[in-house]
Amino acid sequence: MTFSTFLRSKGLGLLAWLAGIVFFLPIAWMALTSFHSEADAATNPPSFAASLTLDGYRDFFGADGGASPWPALINSTVASLVATLFVLVLALPAAYALSIRRVRKWTDVLFFFLSTKMLPVVAGLLPIYLFAKNTGFLDNIWLLVILYTSMNLPIAVWMMQSFLAEVPVAVIEAAQIDGARLPTVLTRVVAPIALPGIAATALICFIFSWNELLFARVLTGVVAQTAPVFLTGFITSQGLFLAKVCAASLVISLPVLAAGFAAQDKLVQGLSLGAVK
């Protein structure tokens, strides 16, 4: 290794560390602020040597008589997990038909899936609201499940189509010669081979569903309120309670952070699948 190559590799490594620190600093700042009192959190510039307290977390979990966050957290968990499961069940056979057993004009079908994401979300908000109101689906968690499934399905089909295109056709043909039908091929042959890509797709769909705010804010009230909607309740006319908001933001972000950390190896494998021949 020449000296210039060594310096280049070290420079790229240093840049990667700097980029990681830049992305991590807001999260670290939010975590530190969540352990401060409201008076210390409101100081400008922030006081890093201020005493630490759990008052923000007590307020978030309703220790002083406030609203409990558990119903909203449970609603977000149910809506995100069920919608992600539905997306995977629908996207796997669709991606199979677009990558392995390609239908006619499959590129046009892929473009149609992509075109559904070109419509601004707010443009479809009023028709969906009127439909939910007339059918009695307002403030219903299953309406969010349907919306999250339909919103994430095009992305899932696009991602899984590229992942399933790397599955060897010879393996599928061998399974079919042995008498395996399509459901068996999908669940016992295709899914295990494309597991990293499926895991990456599931994680991204879960994150998108968990973080969605606009539809949840407009279409839910008390019964189906999700965690992001509950978080916006801390911004009141009395002011912004920064320590409480940071504590709530950290707690609500933990499921996504935990899922990303647990599936990071599968995510990297899935997103890089087929990148190197």
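A brief report on the enclosed structure follows. (Residues numbered from 1 in each chain as written. Predicted model: local features only at pLDDT ≥ 70, side-chain atom pairs only at ≥ 80, totals over all residues. Heavy atoms only, no water.)

## Some thoughts on the overall build of the protein chain
Scanning the protein chain from terminus to terminus reveals 14 helices and two strands. C-alpha extents for the protein chain along the principal axes are approximately 70 × 70 × 35 Å. Counting only contacts in the protein chain whose residues sit at least 6 apart along the sequence, the fraction spanning at least 24 positions is 77%. Accessible surface, the protein chain as shown: approximately 16100 Å² in total, 71% of it carbon and sulfur. Placing the 15 positive and 12 negative side-chain charges of the protein chain at their respective mean positions leaves the two points 14 Å apart. (Helix = DSSP H or I, 4+ residues; strand = E, 2+ residues; numbered from the N terminus. Contact = heavy atoms within 4.5 Å. Areas by Shrake-Rupley, 256 points an atom, 1.4 Å probe, with all protein chains shown as cover. Lys, Arg positive; Asp, Glu negative; His and termini not counted. Charge placed at Lys NZ, Arg CZ, Asp CG, Glu CD.)

## Regarding unusual backbone geometry
Positive phi values are uncommon outside glycine, yet Asp 139 reaches one of about 60°. Tracing the backbone shows Asp 139 in the loop between α6 (125-135) and α7 (141-164).

## What about the nonpolar core?
In this structure, Tyr 96, Leu 164, Ile 172 and Val 190 are the most contacted members of the largest nonpolar core, which totals 28 residues. For this core, the secondary-structure elements that each account for two or more residues are α4 (70-99), α5 (106-115), α7, α8 (169-177), α9 (182-193) and α10 (195-211). Examining the composition of this core, we find that seven residues originate from one element, α7, more than from any other. Core analysis: the second largest hydrophobic core is formed by 16 residues, Ala 72, Leu 73, Phe 206 and Val 251 among them. (Core = buried A, V, L, I, M, F, W, Y, C linked by side-chain atoms within 4.5 Å. Buried < 20%, exposed > 50% of the residue type's maximum accessible area, 1.4 Å probe, protein only.)

## Overview of the packing of α5 against α7
Two elements in contact, α5 and α7, have axes whose closest approach is 8 Å; the angle formed by their N-to-C orientations is 140°. Taken together, α5 and α7 sit at an angle that is classed as oblique. With respect to the hand of their crossing, α5 and α7 are arranged in left-handed fashion. Across the interface between the two elements, Trp 106, Leu 110, Phe 111, Phe 113 and Leu 114 from α5 touch Pro 154, Val 157, Trp 158 and Gln 161 from α7. In terms of residue class, the contact of α5 with α7 is made up of eight nonpolar, one polar and no charged. (Axes fitted to C-alpha atoms, helices over the stretch in contact; angles between N-to-C directions. Parallel < 35°, antiparallel > 145°, perpendicular 65-115°, else oblique. Left-handed = near helix turned anticlockwise from the far one by under 90°. Nonpolar A, V, L, I, M, F, W, Y, C, P; charged D, E, K, R; others polar.)

## Section: the packing of α4 against α10
Closest axis-to-axis distance for the α4/α10 pair is 9 Å, and the angle between their directions is 140°. Viewed along their axes, α4 and α10 adopt a mutual orientation that is oblique. Judged by the sense of rotation from one axis to the other, the crossing of α4 with α10 is right-handed. In contact with Leu 73, Ser 76, Thr 77, Ser 80, Leu 81, Ala 83, Thr 84, Val 87, Leu 88 and Leu 92 of α4, α10 contributes Ile 198, Thr 201, Ala 202, Cys 205, Phe 206, Ser 209 and Trp 210. Taken together, the residues that form the contact of α4 with α10 break down as 11 nonpolar, six polar and no charged.

## Things to note about the environment of Trp 210
Here Trp 210 lies in helix α10. Placed 175 residues apart in sequence, Trp 210 and Phe 35 show a C-alpha to C-alpha distance of 24 Å. Contacts of Trp 210, omitting those with residues within four sequence positions, involve Leu 73, Ser 76, Thr 77, Ser 80, Ala 227, Pro 228, Ile 252, Pro 255 and Val 256.

## Focus: the packing of aromatic side chains
A ring pair, where both rings are aromatic, is described by two values, the distance of the centres and the angle of the planes. Here the structure, examined in full by the defined rule, presents six aromatic pairs. Between the aromatic rings of Phe 60 and Phe 61, the centroid separation amounts to 4.9 Å while the plane-to-plane angle is 75°, which identifies the pairing as edge-to-face. The class of Phe 60 is buried, set by a relative accessible area of 0%. Overall, the relative accessible area of 33% leaves Phe 61 in the partly exposed class. Centroid distance Phe 61 to Trp 70: 5.7 Å. Interplanar angle 35°. Geometry classified as tilted. Pairwise contacts between aromatic rings join Phe 60, Phe 61, Trp 70 and Phe 230 into one cluster. (Phe/Tyr/Trp six-rings, centres within 6.5 Å; stacked < 30°, edge-to-face > 60°.)

## Observations regarding a nonpolar patch on the surface
Taken together, the side chains of Leu 12, Leu 14, Leu 15, Leu 18, Ile 21 and Leu 25 present a nonpolar region at the surface, about 590 Å² in accessible area. Tracing the backbone through its elements, the reader meets Leu 14 in helix α1 (residues 3-34). With a relative accessible area of 52%, Leu 14 lands in the exposed category. (Patch = residues over 30% accessible without salt bridge, like charges linked within 9 Å, V, L, I, M, F, W, Y side chains within 5 Å. Salt bridge = Lys/Arg side-chain N within 4 Å of Asp/Glu carboxyl O.)

## Description of α9
The first and last C-alpha atoms of α9 sit 15 Å apart over 12 residues, in line with the 16 Å expected at 1.5 Å per residue. Among the residues of α9, Val 185, Leu 186, Val 189, Val 190 and Ala 191 are the ones counted as buried. Here the buried face of α9 lies against α4, α7, α8 and α10. (Expected span 1.5 Å × (residues − 1).)

## With respect to the side chain of Ser 80
Assignment of secondary structure puts Ser 80 in helix α4. Reaching out from Ser 80, the side chain makes a polar contact with the backbone nitrogen of Trp 210 at a distance of 3.3 Å. Once residues lying within four places of it in the same chain are set aside, the contact partners of Ser 80 are Phe 206, Ser 209 and Trp 210. (Polar contact = N/O pair within 3.5 Å; in protein donor to acceptor, adjacent residues only side chain to side chain.)

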